[in-house]
Amino acid sequence: MQEMSSSTMSETIVLSGENLDFDKALKVIYDQTPVVISDEARERVRQARAVVEQQLADGRPIYGINTGFGKLSDVQISSAHLDELQENLVLSHACGVGDPIPPEAVRAILLFKINTLIKGFSGVREEVVDALLALLNRNVLPVIPEKGSVGASGDLAPLAHLALVLIGRGRATIDGKTVSGEEAMKRTGVQPLRLKAKEGLALLNGTHFMLGLGAINWAKARQLERNADLIGGLTTEAVLGTPVAFDERIQRARGYSGQIEAARRLRRVLENSPIRESHLTCSRVQDPYCIRCMPQVHGAVIDHLNHLKTMLTTEMNAATDNPLIFIEQGDILSGGNFHGHPIATTLDFLAILAAQLSNISERRIALMMDSNLSDLPAFLIAQSGLNSGFMITQVTAASLVSENKVLAHPASVDSIPTSANKEDYVSMGAQAAVKTHKVLNNLATVLGIELICACQSLDLRKPLKPGPVGQRVLEFVRKRIAYMQKDRFLADDIQTARNLLWEDRIYPLVRDLIE
C-alpha cells in the first residue's frame, strides 16, 4: 500500500469503493488532492482476483476471461493465449475519434474507474489499480477522444484509449505536453502492464467516460445556476423590476425548496438598493415572466440538479463491470451493469436544464434592449442609430440558445444495434455527456452577455447606485470590461465575461452577501 505520513493524510482522499461523493470527487478532479486506497478495499481486490484464478484453474468457460467478446463470446480461448486476448481487446477497441476531452474529465474518469475496481467485483490484480492510481496522483493523463462510444457494454472505445497507456501504448499529456504511452508510464515510475485474464475487459467495461464528463458537467451546471440567480437579480435591478414576486410567502405557498432558494438569492441581490428605492411608488405591478418567474424556473433547475446529483453519486460507487465476481459465493456472473441508460437519461435532463437557463437569460437580455419595456436607452447606448450598442449581443445570445435547443434533444431516445446485434439496445450516454458540455459552454456565454448588459444598464441608472451586491460585482467587472460610451469591438468582452463565469470568479465575490 502507498505509504503516507500522518501530516499528509488529512490532505488525502481515501477511496473504499463505497463512499465517494461530489465534495471528495471535485477535490481530486480540480484540486488534484492525492488519493490512497483503504486496506479493506485492497483486501477485496485480492480476494476477487483469487476467485478469477480459481475459476481459471477449474478450466470452465467464463465470458471475457477465457472466451471472446460480444458476438464472439462463444469462442473459448486456450490458456496459452489469455494474456494476448486481453491486450488484443485493448488494441482493437481503441477506435475513438474527435477532439480529446478536457484534462479534468480524464482525472474524473481515472478516479471513478479506480473506485469501481476496488469494490471487489472486477477481479483485477492490485498492480492494475496501482498503475491507475499513479496516473491520477502524478497527473499523467491519457489522451481520450470524445467520440466512439454508444454507451453500452461500457464506454468501450474511450476507455480503451485510457487502457492503452497502462500497457505502454497510446498517448498521454503531462503538464500540457503530449507524450507516448511508454514515456507516460516512465514518468509514473510504474512499468507498463502485461494484462492478465479479465483485466482488459475490466478496464474497458463501465460507464466511466459518461460519468466522468457527467460529473464535471453537473458541477459546472450548479455553478452557472448560482450565477444565473445573481445576474438575473442584477438585471431585475437595472430594468426597475419589482421584487414583490420574490416574496418568501409566495414561494412557500408552492413549497419547492429550489424555488425558495432562488427567490432568497434574488431578494438579497436587491437588498438596500438605491435604484430599487427610487421606484417604490411607480405604477408597475408586474414584470415580464423572465423576471417575475425566475424563482419558479431557476428553482426547478436547482431541485432537479439535486436529484441528478443523487443519480451521479450512486454511479460513482457502482459496480459497472461485466462479468462480476462475487467473493463470498465464489461466483462469476455475466449481466448488464455496464449499460449507461441511468446516466444517459440523467445527462440528457442536465442538458435540458442548462438550455432552459440560457433561454430565460436571453429573454432578459432582450428585455434590456427594448427601451419600451426597460426604460433604458435603445440597445443600451447613447446616440442609438449612430451607435448600434448591444444590439448584436442579443442576436449572438439568440443564436446560442437556438443551438442549445437542438443539443437538448435527448440522445438517450436513440439506439442503434452494434456487435452483429449482440448489443442491440444501447444508451448513447457518451453523446449525452459530450453535448451537455457544449450546452453548458453556450450557457456560460449567454450569461456572460447578460452580465455585460446588466452592468451597462446599472451604469446608465447613474447617479443612482445599485445595492451592495450589484456595486461589488459592477466594480469587479469594470476593472476588466469598460463601460461602452460608443460602439466598439465586443467579442473580446463577451469572451472575458464568459471566462469569469466559467472560472467561477463572480458569484464568490458576493457569496457572503447572498447566502
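All of the points below concern the structure found in this document. (Residues numbered from 1 in each chain as written. Predicted model: local features only at pLDDT ≥ 70, side-chain atom pairs only at ≥ 80, totals over all residues. Heavy atoms only, no water.)

Focus: the overall build of the chain
A tally of helices and strands in the chain yields 22 helices and 9 strands. Taken over C-alpha atoms, the radius of gyration comes to 26 Å for the chain, in line with the 24 Å a tight globule of 515 residues would show. The principal-axis extent of the C-alpha atoms belonging to the chain is close to 85 × 55 × 45 Å. The 515 residues of the chain split such that 56% are buried. The long-range fraction of contacts in the chain, counting pairs at least 24 apart against all pairs at least 6 apart in sequence, stands at 79%. A total of about 21100 Å² of accessible surface is found on the chain, and carbon and sulfur atoms cover 51% of it. Measuring between centres, the 54 positive side-chain charges of the chain sit 5 Å from its 58 negative side-chain charges. (Helix = DSSP H or I, 4+ residues; strand = E, 2+ residues; numbered from the N terminus. Rg over C-alpha atoms; globule rule 2.2 N^0.38 Å. Buried < 20%, exposed > 50% of the residue type's maximum accessible area, 1.4 Å probe, protein only. Contact = heavy atoms within 4.5 Å. Areas by Shrake-Rupley, 256 points an atom, 1.4 Å probe, with all protein chains shown as cover. Lys, Arg positive; Asp, Glu negative; His and termini not counted. Charge placed at Lys NZ, Arg CZ, Asp CG, Glu CD.)

Details of the pattern of salt bridges
Per the counting criterion, the structure on display carries 26 salt bridges. Salt-bridge contacts for Glu126 lead to Arg46; the nearest nitrogen and oxygen are separated by 2.9 Å. Separated by 80 residues along the polypeptide, Glu126 in helix α6 (residues 126-137) and Arg46 in helix α3 (residues 39-58) bring together distant segments of the chain. Looking at Arg46, the relative accessible area reads 39%, which means it is partly exposed. A salt bridge links Lys198 to Asp321, with the shortest nitrogen-to-oxygen separation between them at 2.7 Å. Of the two residues, Lys198 is situated in the loop between α8 (181-188) and α9 (199-204) and Asp321 in the loop between α15 (294-316) and β8 (324-326); the sequence distance between them amounts to 123 residues. Of the two residues, Lys198 and Asp321, neither departs from the other in class, the shared state being buried. One connected set of salt bridges, linked through shared partners, spans Arg42, Glu43, Arg46, Glu126 and Asp130. (Salt bridge = Lys/Arg side-chain N within 4 Å of Asp/Glu carboxyl O.)

So, the pairing of strand β7 (residues 177-180)
Two strands pair when backbone bridges link them, and strand β6 (residues 171-174) and β7 are joined in this way by 4 bridges, in the antiparallel orientation. What sits directly across from Ile174, in β7, is Lys177. Adjacent in sequence and paired antiparallel, β6 and β7 are bridged by 2 residues, among which Asp175 carries a positive phi angle near 55°. (Pairing = 2+ DSSP bridges.)

Digging into the packing of aromatic side chains
Applying the stated criterion to the full structure yields 2 aromatic pairs. When the centroid spacing of 4.4 Å and the interplanar angle of 40° are considered together, the rings of Phe22 and Trp218 count as tilted. Pair noted here: Phe22 is in helix α2 (residues 22-31) and Trp218 is in helix α10 (residues 208-238), with a separation of 196 residues, a long-range link. Both residues of the pair, Phe22 and Trp218, count as buried. Measuring from ring centre to ring centre gives 5.6 Å for Phe121 and Phe326, while their planes differ by 70°; the resulting arrangement is edge-to-face. Taken as a pair, Phe121 in the loop between α5 (103-117) and α6 and Phe326 in strand β8 lie far apart in primary sequence, 205 residues in all. If you follow Lys220 out to its NZ or CZ, it ends over the ring of Trp502, 4.5 Å from the centre. Positioned above the aromatic ring of Phe476, the side-chain terminus of Arg480 is 3.7 Å from the ring centre. (Phe/Tyr/Trp six-rings, centres within 6.5 Å; stacked < 30°, edge-to-face > 60°. Lys NZ or Arg CZ within 6 Å of the ring centre and 35° of its normal.)

With respect to the nonpolar core
In this structure, Leu111, Phe112, Ile114, Leu132, Leu203, Leu230 and Ile506 are the most contacted members of the largest nonpolar core, which totals 161 residues. If you tally residues by element for this core, the top one is helix α19 (residues 429-460), at 17 residues. The contact partners of Ile114, leaving out residues within four places of it in the chain, are Leu15, Ile37, Val129, Leu132, Leu133 and Leu136. (Core = buried A, V, L, I, M, F, W, Y, C linked by side-chain atoms within 4.5 Å.)

Some thoughts on the sheet that holds β6
Pairing is antiparallel in the open sheet, where 3 strands are placed in the order β4-β6-β7. In this open sheet, the two edge strands, each paired with only one partner strand, are β4 (141-142) and β7.

Remarks on unusual backbone geometry
Peptide bonds are trans in most cases, and residues, glycine excluded, mostly fall at negative phi. Following Asn322, the chain continues to Pro323 via a peptide bond in cis, the omega torsion being -10°. Here the residue pair Lys462 and Pro463 is connected by a cis peptide bond, since its omega of 10° sits within 30 degrees of zero. Tracing the sequence through the fold places Pro463 in the loop between α19 and α20 (468-478).

Topic: the packing of α19 against α20
Two numbers describe how α19 lies on α20: the axes approach to 10 Å, and their chain directions differ by 110°. In this view, α19 runs roughly perpendicular relative to α20, as classed from their interaxial angle. Contacts between α19 and α20 involve Leu451, Cys455, Gln456, Leu458 and Asp459 from the former and Val473, Leu474, Val477 and Arg478 from the latter. Among the residues forming the contact of α19 with α20, the class breakdown is 6 nonpolar, 1 polar and 2 charged. (Axes fitted to C-alpha atoms, helices over the stretch in contact; angles between N-to-C directions. Parallel < 35°, antiparallel > 145°, perpendicular 65-115°, else oblique. Nonpolar A, V, L, I, M, F, W, Y, C, P; charged D, E, K, R; others polar.)

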